[in-house]
Amino acid sequence: MTPRLKTILRYVRGDVPPYDLCCDHGLLGLSAWEERDLPQLHLIDQSPRVMQKLQGNLLHRGLASEPRIKLQTLPAEQLTLPFESCDIVIAGVGVQTMIDIMAAIFSEGLSQHRLILGCQQKTQELRFYLRRRGFKLVDEDVVLENGRFREILVLEGQGEEVTLYGERYRQRSDTTSKAFVLYLQNYYAKIQVAKNQGSRIRTAWSALEA
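Structure report, in brief. Quantities reported herein were computed from a predicted structural model and do not represent experimental measurements. (Residues numbered from 1 in each chain as written. Predicted model: local features only at pLDDT ≥ 70, side-chain atom pairs only at ≥ 80, totals over all residues. Heavy atoms only, no water.)

**Let's talk about the environment of Ala103**
Considering the arrangement of structural elements, one finds Ala103 in helix α4 (residues 95-105). Exposure remark for Ala103: the relative accessible area of 39% places this residue in the partly exposed category. Here the alpha-carbon distance between Ala103 and Arg132, two residues 29 residues apart in the chain, equals 12 Å. Those residues in contact with Ala103 that sit more than four places away from it in its chain are Tyr129 and Arg133. (Helix = DSSP H or I, 4+ residues; strand = E, 2+ residues; numbered from the N terminus. Buried < 20%, exposed > 50% of the residue type's maximum accessible area, 1.4 Å probe, protein only. Contact = heavy atoms within 4.5 Å.)

**Notes on the packing of aromatic side chains**
Counted by the stated rule, this structure contains 6 aromatic pairs. Between Phe106 and Phe135 the ring centres are 6.2 Å apart and the planes differ by 85°, which places this aromatic pair in the edge-to-face class. Remark: Phe135 occurs in the loop between α5 (124-133) and β6 (136-145) and Phe106 occurs in the loop between α4 and β5 (114-118); sequence separation between them is 29 residues. Relative accessible area serves as the criterion here: at 2%, Phe135 is assigned to the buried category. Their ring planes at 90° and their centres at 5.0 Å tell us that Tyr169 and Phe180 sit as a pair that is edge-to-face. With Tyr169 in helix α6 (residues 167-170) and Phe180 in helix α7 (residues 175-209), this pair connects stretches of sequence that are 11 residues apart. Among the residues examined, Tyr169 registers a relative accessible area of 0% and is labelled buried. (Phe/Tyr/Trp six-rings, centres within 6.5 Å; stacked < 30°, edge-to-face > 60°.)

**Quick look at the pairing of strand β7 (residues 148-156)**
Burial runs high along β7: 7 of the 9 residues are buried. As paired elements, β5 and β7 share 4 bridges and run antiparallel to each other. Its bridge partner being in β7, Gly118 is matched across the sheet by Ile152. Sheet analysis places β6 next to β7, joined by 9 bridges and oriented antiparallel. Residue pairing for β7: Leu137 is matched across the bridge by Leu155. In this structure, the hairpin formed by β6 and β7 is closed by a connection of 2 residues, where Asn146 is found at a positive phi of approximately 55°. (Pairing = 2+ DSSP bridges.)

**Focus: the packing of helix α1 (residues 3-10) against helix α2 (residues 27-35)**
Contact geometry of α1 with α2 gives a least axis separation of 10 Å together with a crossing angle of 50°. In terms of their interaxial angle, α1 and α2 are classed as oblique. Crossing geometry of α1 relative to α2 is assigned as right-handed. From α1, Leu5, Ile8 and Leu9 reach across to α2, where they touch Leu27, Leu28, Ser31, Ala32 and Glu35. Looking at the contact of α1 with α2 residue by residue, the class counts come to 6 nonpolar, 1 polar and 1 charged. (Axes fitted to C-alpha atoms, helices over the stretch in contact; angles between N-to-C directions. Parallel < 35°, antiparallel > 145°, perpendicular 65-115°, else oblique. Left-handed = near helix turned anticlockwise from the far one by under 90°. Nonpolar A, V, L, I, M, F, W, Y, C, P; charged D, E, K, R; others polar.)

Here it is as structure tokens:
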């Protein structure tokens, strides 16, 4: 299992059913099943080919007839969540796909559910969306995987405000968090330089046109 999936797994609670959306190989959900006494496990993916492979994996693990493991072949946006509390994991997809899924299945807010996001890219657009929706931060984490930083955001209906630049990372002393903070500082400094250069060019053109 990758460092990102291992970190996501830490935030999956053991006493409520997890819903692994866009589950692909189902490794995350099945690892949670093996490590904890889950009441149920829901694996959802829109690809029939993926789900067929997953059924074969369940057979190989001796879980094909386990009634508490539920497989659904459908787009995550069409999922209907139960009223009871559960964990919803969205990982391995882009930010816009995450936003589309959340807009569809959380139209009334998070309620009593926990949302765990394993992000593929920079999260500022996603953080803007989460702030607008009023989703609250329980925790945020970052791992270094294949030379790239991958963020994990954990959200519920109650908690801290979602910050745009991950303020929790600045409070940590581990090597990965410190390296990520430095990376963010350099990244946004470059953006600011580009904005300043663009502003000077526009000013120069305005002067010439005048």
